[in-house]
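# Summary of the model geometry
Here is how the chains run, residue by residue.
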Amino acid sequence: MRLQTVRRIHLVLFVAAVALVLAGCSSSTEPTTSTTATPSTTTEAPATTTGGDLVATGMEVFDAKCAACHTIGGGPLVGPDLAGVTKEFDAEWLTNWIADPKAWSETDDQAKEIYTGKMPALGLSSDEIAAVIEYLKSTEDVGGGEATGPRELSEVEFAAATEIFFNRCAGCHGTLRAGATGPNIQPERTLEIGTEGIKTILTNGLPGGMPAWGKEGILTPEEIELMANFVQLPPPTPPSLDLDKIKESWTLAVAPEDRPTEPETSRNWENFVGVILRDAGQVAIIDGDTKEKVAVLDTGFAVHILRSSATGRYFIAVGRDGRVTMIDLWTETPQIVAQVQGCFDARSVESSKFEGFEDKFIIEGCYWPPQYVVYDGLTLEPLVVHDVLTPDINGKELEEVRVAAIVASHNDPTWVMGLKESGYVGVVDYSQPGFPMVKKIETELFLHDGGWDATGRYFFIAANAKNTMVVIDMQTKELVAKIETGKIPHPGRGANWVDPEFGPVFATTHIGEGKLTLIGADPENHPEYAWTVVREVEIPGSGSLFLKTHPNSEWVWMDTPLSNVEEETRQVCVYSKEKMALEKCMQVADHGRVVHFEYNEAGDEVWVSVWDKDGELIIFDDKTLTEKDRITGDWLITPTGKFNVHNTANDIY
Ligand code: DHE
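Now for a quick tour of the structure.

Reading the values: the criteria
Residues numbered from 1 in each chain as written. Predicted model: local features only at pLDDT ≥ 70, side-chain atom pairs only at ≥ 80, totals over all residues. Heavy atoms only, no water. Buried < 20%, exposed > 50% of the residue type's maximum accessible area, 1.4 Å probe, protein only. Helix = DSSP H or I, 4+ residues; strand = E, 2+ residues; numbered from the N terminus. Pairing = 2+ DSSP bridges. Contact = heavy atoms within 4.5 Å. Axes fitted to C-alpha atoms, helices over the stretch in contact; angles between N-to-C directions. Salt bridge = Lys/Arg side-chain N within 4 Å of Asp/Glu carboxyl O. Disulfide = S-S within 2.5 Å.

So, about the pairing of strand β5 (residues 303-308). Note on strand geometry: in a regular strand, side chains alternate between the two faces of the sheet. Among the six residues that make up β5, five are buried, leaving the element largely enclosed by the rest of the structure. Note that β5 and strand β6 (residues 314-319) share five bridges and pair antiparallel. Bridge pairing in β6 places valine 303 opposite glycine 319. Turn length for the β5-β6 hairpin, with the two strands adjacent in sequence and antiparallel, is five residues, and the turn residue glycine 312 shows positive phi of about 90°.

Here the focus is helix α11 (residues 221-230). Ile224, Leu226, Met227, Ala228, Asn229 and Phe230 are the residues of α11 that are buried. In the core, the buried residues of α11 are packed alongside α9 (155-173) and α10 (187-204).

So, about the sheet that holds strand β11 (residues 371-376). Here four strands make up an open sheet; going across it, the order is β9-β10-β11-β12 and the pairing antiparallel. The sheet is open, and its two borders are formed by β9 (345-351) and β12 (382-387), each paired with just one other strand. Going across the sheet, the axis of each strand differs from the next one's by a mean of 20°, ignoring polarity. Pairing of β11 with β12, which is carried by five bridges, proceeds in the antiparallel orientation. Paired with valine 373 across the strands is valine 385, a residue of β12.

Here serine 308 is to be found in strand β5. When its relative accessible area of 0% is taken as the criterion, serine 308 is described as buried. Filtering out sequence-adjacent residues up to four positions away, serine 308 remains in contact with Tyr314, Phe315, Ile316, Glu350, Ser351, Lys353, Val645, Thr648 and Ala649.

Attention shifts here to the pattern of salt bridges. Tallying each qualifying case throughout the model produces 32 salt bridges. Here lysine 137 and glutamate 134 are joined by a salt bridge, their closest N and O atoms 3.8 Å apart. Separated by three residues within a single helix, lysine 137 and glutamate 134 lie in helix α8 (residues 126-138), roughly one turn from each other. Taking relative accessible area as the criterion, lysine 137 reaches 11% and is therefore assigned buried. Classification of glutamate 134 as buried rests on a relative accessible area of 5%. Residues participating in the shared-partner salt-bridge network are Asp81, Arg189 and Glu192.

With the rule as written, the count across this model stands at two disulfides. Numbered by order of appearance in the sequence, the disulfide-linked cysteines of the protein chain pair as 1-2, 3-4. Residue cysteine 169 stays outside any disulfide, its sulfur separated by 8.9 Å from that of cysteine 172, the closest cysteine. A residue is classified by how much of its surface remains accessible, and cysteine 169, at 13% relative accessible area, is buried.

Pasting the structure below:
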């Protein structure tokens, strides 16, 4: 069940299934009473049939053509929130409006009143327009009507709802619900939507990312009722976590002096692959040479990522519960040597990598509380906590600032981090006493994931809800560029290679559309292409999570687990660097979703996860693009991210 928990943002498009349910509310073909006079020159509202297919089509069209500017119940974007719009305007009026708002505003008084010049004619066919209207009708319960306020919740109910919110909602809407990847859902907004409207949204999802918690069977009707009430009440004040409390959580299982001074294992530990077993709360260590399982270790709730210490000897795991776990790979069997909890909610961890500081320090970035914590690099002893709460780059006061991606520079003793809600990139100098944030660089709101360019000088990070990639020069510690790339860029740590025409590039895929985007990344030798989109490649499916390449490879691998077509969620796509085109996509699993790539140390094998409770790891020969091996076993529960020691320690991607 937890598998589905994490899909919340990424299940953008189990649209068809969601839409079929919505179809239940869309049985009327009769236009409702118009609030306007019908002019003589109109586009006729097509008298089409209704049903699941039409609503499903409408939802797809809405997602592709309308969702960039409109939500249904999620608040206004560029255009107004369309909740309840079919109660206000009849089908014929809407048909004319969608077909050509400008032309319609020249004919119809009400259209004239609301037309601002922003909405273009979308070029939809009359069937597509009919489908969109049918879909909008199916969401009539979402706002637009009379909203009923929340009922009182008992203490037990409130506590249960708080936990559900943390597990399912906070990642996108924020702990205090002010929004980031998902919209603001604080009471002033949710009270407008009302209990029934929220229940509809929670049950059926919305285009643009809100999963269908009810229809997917993740939340029961009782839980949906509870959450619909809970989100209309003020959010509880989340607790703080100071250095003393963090120290209380610290356990040192094996002190550094009791650890081996050289590798006890005869295995090639630098080619170990750490695999997140997300729902089991475990990390598996697999021998990359022999493909044998070497260890499965309990690391805690919903482990998110692994990073390697600079020498590669230690893996450091971070879970959504903020727990950091240090794993020693030199012992006969890898073992946990220390653990600590510096946050209640976290996604990022990194080690110190600059010469002279190898394996000295570790930093954890918190989603809640808004802080970063620095630990001793061998023991995880908590050393310092720093608050990151500030107003955003526009001066707006904030209550929540989440630390997103953190990477360690190889060129100086710094960590660089994305401060999500505030739009700053923070630079922490770990050579200075107290590990201060020495610089805050103004960039763009909603910073999320990112990585280095091939030289390690430039840091790329996605301002995902702004459809933008931000580039920082870590030599000058200045913002270099903001580049619009597409709908919700999601580079992971990104991919670097040399394009035959444009020179060195950094690439990202997108959550919101099937597109690989290449950005010129060589201001020295190819200044004319630097920091511009030099190539866009369509990839099948409506969204991707991860891409990966290796300097020894001629390919770039991409997953599409977010597609609305089930087969596509189980495919991998390969781009040819040499041909500068998509080589092929192949369906590689018959269950689960296929997600995230990692190369072996040599860069001639690619590993991909089948994200399912019956999980698998598929290993491809990177020369022939054929399957070489498949690791299965009942211990492989929901494998997600994979991290090769050598590649992770050296930032090879
Ligand atoms: Fe992640 C990286 C945040 C959902 C798997 N994820 C990251 C990073 C951040 C982040 C900030 C960068 C860390 C760094 O480099 O320091 N992820 C979030 C979320 O806020 C989000 C959207 C929702 C949530 O509530 O967590 C989210 N992430 C997911 C998933 O659902 C995934 C697919 C499975 C899971 O583990 O829950 C997932 N995220 C990953 C992976 C990476 C990652 C595998 C590292 C990629 C890499 O190659 O480095």
